[in-house]
Amino acid sequence: MAEEVLLAEDGKCVGSLTKSLLAVAFLSSFGSSMLYGYNLAVVNSPAEYIKAFYNQTMIARNGTGLDDKKLTLFYSATVSVFAIGGMVGSLMVGILVTRFGRKGTLVRITCLVFIAGAFMGFSRTFGSPEMIIVGRFITGVHSGISLSVVPMYLGEIAPKNLRGFLGLVPSIFICLGVFIAQILGLHELLGKEEHWPLFLSLVVIPTMFQLMLLPWFPESPRYLLIEKRNVHATITALKWYRSKVNIQAEIEEMQEEQRSMSSVQTVSVIGLLKDRSVRWQVITIVVVNIGMQLSGIDAIWFYTNTIFENAGIPVPQIQYTTVGTGAIEVIAGCVGCFTIERLGRRPLMIGGFTFMGICCAGITLSLMFQSHYISVACVVGIIAGFCIGPAGVPFLITAELFKQSHRPAAYTVAGCLNWLSNFTIGFVFPFLQMSAGAYCYLVFFGVCMAVAAYVFFIVPETKNKTFVEISQMFAARNGMLEEESSELGVAKNLKLAKMNGYGAVDLEYEVMEKKK
């Protein structure tokens, strides 16, 4: 597992991208994050077939079918229950990652996907629409957990100079999941009536690969050292992910973070909200995660087909146009992933939200002046702007803004708000559109510009910074400068001596534990 060691300008060792880091990023994203994107889009193509199945089942049971309102309500429940499951899953994140670890949680929750796949795949065989709804709820729970745990895991195993790159890999796979669902939903592939149960249950295939391979990779070194105090396991994990040369320096940085924390115990959500030392970090994740969903991206995805139809695109060709937007999502996600370590987090967030806001205003103007081609361009612009930054950076900075003890609770708060906002916009937008008409997109314009302004004035750049350094940047704003500096001063005096060999690291750590 040896790797080339790169030197930063300040002379400190920084990690290079190893095969192990890349493999874990791809495995965890492929088997977890991609399923979120897939499940967002998978119900669009077979919608009419699923509704027909619901109606036929009710005729067989009761002798009469469902009227349009009840059928729409039944199908809406099928779609929206995914978000409800996601919110439930997000509330479980803190408990799971503290008890089982980051990788351990991802491995254990794979059982949810197999159960959900079985429910949805055999729903037609058993003539049970309820099995589809239950299956969608279970996949939502899985996505609610994995959407937080994957970026948390990758953020903790990555060296600081690669944290942004690895942290945005899941967002690429989310876009890829949407794209794959759009392709497979084409009439030439699985977009036929007889194939929809298979189409819904294909989620088990990526999860199977993850279950077979991910257990062979180590747990997060930070979790092992700071929470479990297992030095030997930490060294083994770092030897897997890093070179031998820079392991000791990274353990020192982890212990510096540990010493700077008032408690190694994981903080609860209530404790997080009451802790004034992280007040502005909490406000930041609230703003960016709510803004991510209230930016209008979900409304745009939902009404893309209508906008394309109004632009004069023939109905049979709209499915191919939609696939084109999926390809744009993947490309935009890759652009964000490969530029974040050069540009930083702030430019991607500010630029992404600002561009989305301009395009939302453009949709309003195009609808007012009946310029449908501008509407199409603005839809593409919103999707591209979202996938470049706002789609993935909020999850990344949720890991970066908090220390080990506060991170699980922070992801619980961020995930819950994200899913709650997702669910809310799905219900509110139709009524907003009916009442405000073309002007409804100006609401999203305001949200996007407000979030961009908040990031510009409040959020510091976290690129290539340790978690302790990021905490220091917020200390003055939180009114905790003296306390933070005092704690960090103690931490620096307790650094490990730089000795040769892994045994020296272990011995020095044990000596310090005896002195406590």
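Just so you know, these numbers come straight off a predicted model, no measurement behind them.

(A) The arrangement of helix α1 (residues 19-41) in detail. Over its 23 residues, α1 extends 31 Å from the first C-alpha to the last, a length consistent with the 33 Å expected when each residue adds 1.5 Å. Its maximal kink placed at Phe-30, α1 deviates by approximately 45°. Counting buried residues in α1 gives 17 out of 23 residues, a clear majority hidden from the surface.

(B) Main features of the packing of aromatic side chains. Counting across every chain of the model gives 13 aromatic pairs. On the numbers, 5.9 Å between centres and 75° between planes, the contact of Phe-217 with Trp-240 is edge-to-face. With Phe-217 in the loop between α10 (204-213) and α11 (221-227) and Trp-240 in helix α12 (residues 231-241), this residue pair connects regions lying 23 residues apart in the sequence. Taking the relative accessible area as the measure of exposure, Phe-217 reaches 13% and is therefore buried. Through a chain of ring-to-ring contacts, three or more aromatic side chains come together here, namely Phe-53, Tyr-54, Phe-74 and Trp-196. The ring of Phe-467 is capped by Arg-163, whose NZ or CZ atom sits 4.7 Å from the centre of that ring. Here the basic side chain of Arg-407 rests over the ring of Phe-467, its NZ or CZ set 4.3 Å away from the ring centre.

(C) Spotlight on a nonpolar patch on the surface. A cluster of nonpolar side chains, Ile-205, Met-208, Phe-209, Met-212 and Leu-213, forms an exposed patch at the surface whose accessible area comes to about 460 Å². Relative to the helices and strands, Phe-209 is located in helix α10.

(D) Structural view of the pattern of salt bridges. Throughout the structure, instances matching the rule amount to eight salt bridges. The shortest N-O distance in the salt bridge between Arg-407 and Glu-156 comes to 2.7 Å. Remark: Glu-156 occurs in helix α7 (residues 129-157) and Arg-407 occurs in helix α22 (residues 407-436); sequence separation between them is 251 residues. Glu-156 matches Arg-407 in its accessibility class, with the two residues each being buried. In this structure, Glu-400 engages Arg-163 in a salt bridge whose closest nitrogen and oxygen atoms are separated by 2.8 Å. Taken together, the residues Glu-400 in helix α21 (residues 393-400) and Arg-163 in helix α8 (residues 163-184) connect sequence positions 237 residues apart. Judged on exposure class, the residue Glu-400 and its partner Arg-163 are both buried. Overlapping salt bridges bring together Arg-102, Glu-156, Glu-227 and Arg-407 as one network.

Each value, and the rule that gives it
- Residues numbered from 1 in each chain as written.
- Predicted model: local features only at pLDDT ≥ 70, side-chain atom pairs only at ≥ 80, totals over all residues.
- Heavy atoms only, no water.
- Helix = DSSP H or I, 4+ residues; strand = E, 2+ residues; numbered from the N terminus.
- Expected span 1.5 Å × (residues − 1).
- Bend = angle between axes of the 7 residues up to and from the residue.
- Buried < 20%, exposed > 50% of the residue type's maximum accessible area, 1.4 Å probe, protein only.
- Phe/Tyr/Trp six-rings, centres within 6.5 Å; stacked < 30°, edge-to-face > 60°.
- Lys NZ or Arg CZ within 6 Å of the ring centre and 35° of its normal.
- Patch = residues over 30% accessible without salt bridge, like charges linked within 9 Å, V, L, I, M, F, W, Y side chains within 5 Å.
- Areas by Shrake-Rupley, 256 points an atom, 1.4 Å probe, with all protein chains shown as cover.
- Salt bridge = Lys/Arg side-chain N within 4 Å of Asp/Glu carboxyl O.

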